[in-house]
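Residues per chain, in single letters:
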Amino acid sequence: MQTSRTLHRWSRAVLTVALVVPLLGVAAAAQGDSSQPSSIQAHATVKASVEPGGPTALKDPALMPSTGSLMSTVKDLVDIAPRATGTPGGRKAADYVARRFRDAGLKDVHFETADSFSWAASDASLTVSKKPYSATPISHSLIAGADVPSHRTLGPKGLTAPVIDIGSGAVVPDSVKGKIVLFDLKFQLPLAALALVTEFLWDPALQIIDIPTLFTANPYETSLKTTMKSLIDKGAVGAIGVLSDYFDSNKYHNEYYRKLAMTIPGFWVTKKAGEKIRSNLSADPTSTMKLTTDRRRVQARTVVGFLPGKSTDTIMVQSHHDSQGPGAVEDGTGTASVIGLADYYGALARQKGAKPREKTLMFATFDTHFTGYQQHLAFAEKYVLKKQTKYRIVANTTIEHIGKQAKIGPDGQLQVLDQPEPSGIFENVNPFLKATIAGAMVKNDLRATAMLNATPLQAVGIPTDASFALIAGIPVVSLIAGPMYMYDEADTIDKVDVQRMRPMATAYAQIINAIDTTPSDLIGIMPPPAADLLTKIAVGLLL
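Everything numeric in this text was worked out from a predicted model, so none of it was measured.

Draft legend 1. Local environment of the pairing of strand β20 (residues 476–481). Extensive coverage of β20 is indicated by the burial of 6 of its 6 residues. The alternating pattern of β20 places Val476, Ser478 and Ile480 on one face and Val477, Leu479 and Ala481 on the opposite face, and all of these are buried. As paired strands, strand β15 (residues 392–398) and β20 are joined by 3 bridges and run parallel to one another. By the bridge assignment for β20, Asn396 is matched with Val476. The pairing of strand β18 (residues 423–427) with β20 spans 5 bridges and is classified as antiparallel. Residue pairing for β20: Gly424 is matched across the bridge by Ile480.

Draft legend 2. Molecular detail of the packing of helix α4 (residues 67–80) against helix α5 (residues 88–103). Where α4 meets α5, the closest approach of the two axes is 9 Å, and the angle between their N-to-C directions is 155 degrees. As the angle between them shows, α4 and α5 are arranged roughly antiparallel. You can see that α4 and α5 cross each other, and the crossing is right-handed. Residues Thr73, Asp76, Leu77 and Ile80 of α4 form the contact with α5, whose participating residues are Gly89, Lys92, Ala93, Tyr96 and Arg100. Along the lines of polarity and charge, the residues of the contact of α4 with α5 split into 4 nonpolar, 2 polar and 3 charged.

Draft legend 3. Broad picture of the confidence of the model for the chain. Across the chain, the average pLDDT comes to 89, with 87% of residues at 70 or higher. Low confidence marks residues 1–48, where pLDDT is under 50. Its contacts with residues over four positions away, or in another chain, come to 93 contacts.

Draft legend 4. A look at helix α8 (residues 271–281). Within the span of α8, buried status applies to Ala273, Gly274, Ile277 and Leu281. For α8, the angular spread of the buried residues around the axis is 100 degrees, confining them to a single face. Opposite the buried face of α8, at more than 90 degrees from it, the exposed residues are Glu275, Lys276 and Ser279. Tucked into the core, α8 has its buried residues touching β1 (107–128), β2 (131–133), β5 (159–167), β6 (180–184), β10 (238–243) and β11 (266–270).

Draft legend 5. Representation of the packing of aromatic side chains in the model. Applying the stated criterion across every chain, the model contains 14 aromatic pairs. Consider the rings of Phe183 and Trp268, whose centres lie 6.3 Å apart with planes at 65 degrees: the pair is edge-to-face. Of this pair, Phe183 sits in strand β6 while Trp268 sits in strand β11, placing them 85 residues apart in sequence. One aromatic cluster in this structure is built from Phe183, Phe187, Tyr246, Phe247, Tyr252, Trp268, Phe370 and Tyr487. Lying over the aromatic face of Tyr256, Arg295 brings its terminal NZ or CZ to 5.0 Å of the ring centre. For the cation-ring pair, Lys495 lies above Tyr485, with the distance from its terminal atom to the ring centre recorded as 5.9 Å.

Rules and cut-offs
Residues numbered from 1 in each chain as written. Predicted model: local features only at pLDDT ≥ 70, side-chain atom pairs only at ≥ 80, totals over all residues. Heavy atoms only, no water. Buried < 20%, exposed > 50% of the residue type's maximum accessible area, 1.4 Å probe, protein only. Helix = DSSP H or I, 4+ residues; strand = E, 2+ residues; numbered from the N terminus. Pairing = 2+ DSSP bridges. Axes fitted to C-alpha atoms, helices over the stretch in contact; angles between N-to-C directions. Parallel < 35°, antiparallel > 145°, perpendicular 65-115°, else oblique. Left-handed = near helix turned anticlockwise from the far one by under 90°. Contact = heavy atoms within 4.5 Å. Nonpolar A, V, L, I, M, F, W, Y, C, P; charged D, E, K, R; others polar. pLDDT = per-residue confidence, 0-100. Arc of directions from axis to C-beta. Phe/Tyr/Trp six-rings, centres within 6.5 Å; stacked < 30°, edge-to-face > 60°. Lys NZ or Arg CZ within 6 Å of the ring centre and 35° of its normal.

See below:
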């Protein structure tokens, strides 16, 4: 997910709650039976756009894969995990998706490739004040540079240095030079930060209107990048990150932040371990780290397949298949949804007398989500910016993270709730398509889901796998959620919101159908000349 400094500023806004509440006026809970969204008069217009017989109605909805079928795909992907870029699991995942695409009847199924880097740690241990601590190496730390492979080790004796505690790391002092730095990792993007771009909210149970939920930040927009850059620039020799906003786990697997070479070693420790470390520092402020890392140049593989339409104007249906751990919710659910939609549209195309769709459908599951997004950049350059294929991508629909909500319990343990993780659908489409999205949310009862305007964020990107499509000027409809466990070994299949899988696929099919019948130049919120100008600005900032 791409960091948005604009969103970070909003997250600090004092009036966030005051901004959220008015947004709920149209789309909050129905009084009485919340299972009947039609009781809300304000939803009548958007609901009509997905009623049976309407322009987005599903043909033969029985062909949509069942919940059991979708979950079987998630299980297959979890069994392959970890599905990291350039590893046996990653290659098996790409092969699996390609086979499923071919089974669905897609054409020209192939791999789009790009160079990326795998990273692996070994011989890892952390001692502070002569006491050993359970710790996990900070992913992509102790590397030689941003774009080079490396084998680096602290050696059999390790690195011993004094420890300095900088707390939240908001200000990194010059005195960190030559020291191992103890800092608190801060999560920076709570739900409340999205208030200014929220256009519609379906929350009949008032799940989101809860102060802890509003102000619990997601684990993907963090202070790691800025803190590590400051530590390296000021000569620190190592880092110990305290997961102060996290549940009682140190199995946090951060992404690789593009162009930030974390050349120093680092470890994650839990909040409880951080408290113990701090209590002993005054008596013995030293630490010994042992770590060996191997970073290899590898080939990333994004799987692509097509269902041809009457034109080569193309709608993308996207997720990512790579993972760092079990990857059930991130992104076994997204990949299973893309495969399920390929199965559905493939079955429709094989029916006797079936007519081709107006537009071509491209199904794609990406690689490099955790290792630098090199495949996303290469894909945008080839298909959109340089137009090196016959396909004109006119819309992107992306599905990620269909999971259960989790909170941190009083004892620090992860508490998984029997309700959906609050989700957002970033979009920058025309008013009719906005109404279609909102209608699909209501009709399929996608509770605790907000529709978010991505237009003002094109220059900085959005925290989803569709960010590079948006920056490149493609209208997007991109589902995202940020459950607490998504970067952790705890992202297991029991965290999947099983009952939400088929309704989400159905909602996206309704949205895809509406896009298919919309003239290509009218899909986006802005006319092509204005959109082209904004794209040039956004791409310039990206590069």
